[in-house]
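# Fold and geometry: a report
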Amino acid sequence: MTTAPARRVIEHGKRTGFGSLTSTGINFDSLPMRLFTKGNARHWNPADIDFTQDARDYAAMTDDEKWATCSFLAQFMAGEESVTQDLQPFVAAMAAEGRLNDEMYLTQFVYEEAKHCEAFRRWFDAVGVREDLHHYIETNESYMLLFTKELPESLYALQSDPSPHNQIRASATYNHVIEGTLALTGYYGVARSYTSRGLLPGLQQVIKFIGDDERRHMAWGTFTCRRHVAADDGLWQVFTDRMQELMPAAMGVVQGSYDHFEGRERPFEIPENELMAYAGDRLGRRIGAIESARGADVQAIDMDASPDVLEEKFYVEDQAAMAGAAS
């Protein structure tokens, strides 16, 4: 009588085997590993970026221009620090599911978020801004709500319950509201504004690198929601409910950034309707990609690169917009 081999587990704290040693090994054709490979090929080092011209440009700005610039970047930097800390429970959640490919990709994901925080801090240091920067964010109640409550609570819920329900809520919060709706739209707006004025070339380079990383992160977030919605159609409602719950706060972050200049022109302004259209278009197409997974073959989704293809389309569109702004 043949004894069936013992089931090997790779979950943290319960490890009885190793995923990379199994006969299936690591599936380099899965979307998470495609993103991991792409990220390895596109490594960049914040310490290599030259901010010499940025320091000259910043010194020549008016007080309002300096305030607007520091406000933008303080929000970005604090946000990148937040997700560096708060994303870690998602790594453990992938281990609990036995998804080694996702776990490997998320280690790169966390590293990149830390690198983004480093890049902004190096920019502030290079232009001579070393004061405490909390006042740029603490008066924005919606920003504080998202980053000190909604983000950590939704992600740390995965520590005690890494269920698909909680993964959907965490991804909606982080990937699709904070990263997709706020951060990438903000990066687009800031880059377009400074590009059109020929200012802060070092910062422009940082934002270009960060945008490339964040699009991979978004592809993974869309992919993760797709695979859960395909497996359980009820999770589509969980996703849409969480998005609707958080959108007022997301809009409040944007409005809070305008309140400082109430009654006078905001520096580096680009039309608000342009940014709203940009955010709505990107969000709509990502949500459409998730909805299209309803009833799909769960096994096929692991190999479906369409979320990454969608983000590459966004890159091409953004590059065209930046070229137009530069001209």
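Our structure is the block above this text.
Residues numbered from 1 in each chain as written. Predicted model: local features only at pLDDT ≥ 70, side-chain atom pairs only at ≥ 80, totals over all residues. Heavy atoms only, no water.

### What to know about the overall build of the protein chain
Of the regular secondary structure elements, the protein chain holds twelve helices and zero strands. In sequence order, the secondary structure elements of the protein chain are arranged as α-α-α-α-α-α-α-α-α-α-α-α. Radius of gyration (C-alpha) of the protein chain: 21 Å, near the 20 Å computed for a compact globule of 327 residues. Residues counted as buried form 52% of the 327 residues belonging to the protein chain. In the protein chain, 85% of the contacts between residues at least 6 apart in sequence involve partners at least 24 apart. Looking at the protein chain, you have 31 positive and 50 negative side-chain charges, and the mean spots of the two groups are 5 Å apart. (Helix = DSSP H or I, 4+ residues; strand = E, 2+ residues; numbered from the N terminus. Rg over C-alpha atoms; globule rule 2.2 N^0.38 Å. Buried < 20%, exposed > 50% of the residue type's maximum accessible area, 1.4 Å probe, protein only. Contact = heavy atoms within 4.5 Å. Lys, Arg positive; Asp, Glu negative; His and termini not counted. Charge placed at Lys NZ, Arg CZ, Asp CG, Glu CD.)

### Some points on empty space enclosed by the protein
All told, the structure shown has two cavities of 30 Å³ or more when counted by the stated rule. Quantified by volume, the largest cavity comes out at close to 610 Å³. Mapped onto the lining of the largest cavity, the elements with two or more residues apiece are helix 3 (63-86), helix 6 (141-160), helix 7 (164-197), helix 9 (234-259) and helix 10 (272-291). The dominant element in the lining of the largest cavity, judged by the number of residues it contributes, is helix 7, at twelve residues. (1 Å grid on protein atoms, 1.4 Å probe; cavity = no way out; pocket = protein on both sides within 12 Å on 5 of 7 lines; lining within 4 Å. Points joined across faces, edges and corners; volume = space filled by probe spheres on them.)

### With respect to the packing of helix 6 against helix 9
Running from N to C, helix 6 and helix 9 cross one another at 150°; their axes reach a closest spacing of 8 Å. In terms of axis orientation, helix 6 runs roughly antiparallel to helix 9. Residues S142, Y143, L145, L146, E150 and S154 of helix 6 touch helix 9, and the partners they reach there are R242, L246, A249, A250, G252 and V253. Among the residues making up the contact of helix 6 with helix 9, the classes are represented as seven nonpolar, three polar and two charged. (Axes fitted to C-alpha atoms, helices over the stretch in contact; angles between N-to-C directions. Parallel < 35°, antiparallel > 145°, perpendicular 65-115°, else oblique. Nonpolar A, V, L, I, M, F, W, Y, C, P; charged D, E, K, R; others polar.)

### Some words on the layout of surface pockets
By volume, the largest pocket amounts to about 500 Å³. Lining the largest pocket are 21 residues, and of these I10, G19, G98, R99 and L100 lie nearest its centre. Put simply, the parts of the chain that give the lining of the largest pocket at least two residues each are helix 4 (88-97) and helix 5 (100-127). Per-class residue counts for the lining of the largest pocket are six nonpolar, eight polar and seven charged. Put simply, the second largest pocket is a space of about 350 Å³. Lining the second largest pocket we find 16 residues, and of these A74, A78, E81, H134 and I137 sit closest to its centre. Counting residues per element, the lining of the second largest pocket draws most heavily on helix 3, which supplies five residues. Of the residues that constitute the lining of the second largest pocket, the class distribution is nine nonpolar, three polar and four charged.

### Notes on the packing of helix 7 against helix 12 (residues 306-326)
Packing of helix 7 against helix 12 leaves a shortest axis separation of 7 Å and a crossing angle of 30°. The angle between helix 7 and helix 12 places the two elements in the roughly parallel class. When the axes of helix 7 and helix 12 are compared, the crossing they make is right-handed. Residues Y188, A191, R192, T195 and S196 of helix 7 pack against D318, A321, M322, A325 and A326 of helix 12. (Left-handed = near helix turned anticlockwise from the far one by under 90°.)

### Remarks on the environment of L106
Positionally, L106 belongs in helix 5. Using a relative accessible area of 0% as the deciding quantity, one classes L106 as buried. Sequence spacing of L106 and A92 is 14 residues, and the spatial spacing of their C-alpha atoms is 9.6 Å. When sequence neighbours within four positions are dropped, the list of residues in contact with L106 reads F90, V91, M94 and W220.

### Quick look at helix 2 (residues 52-59)
Residues of helix 2 that are buried: D54, D57 and Y58. The arc enclosing the buried residues of helix 2, seen along the axis, measures out at 95°, which places them on a common side. Residues of helix 2 that are buried in the fold lie against helix 3, helix 5 and helix 8 (201-231). (Arc of directions from axis to C-beta.)

### Regarding the pattern of salt bridges
Within the structure shown, the criterion is met by 26 salt bridges. Between R99 and D102 there is a salt bridge, with the nearest N and O atoms lying 2.7 Å from each other. Assessed through its relative accessible area of 16%, R99 is described here as buried. The shortest N-O distance in the salt bridge between R242 and E150 comes to 2.9 Å. Here the residue R242 occupies a position in helix 9, and E150 occupies one in helix 6, the gap between them amounting to 92 residues. Since its relative accessible area comes to 12%, E150 is described here as buried. Several salt bridges converge on common partners, so that one network encompasses K38, R42, E112, D212, D213, R216, D308 and E312. (Salt bridge = Lys/Arg side-chain N within 4 Å of Asp/Glu carboxyl O.)

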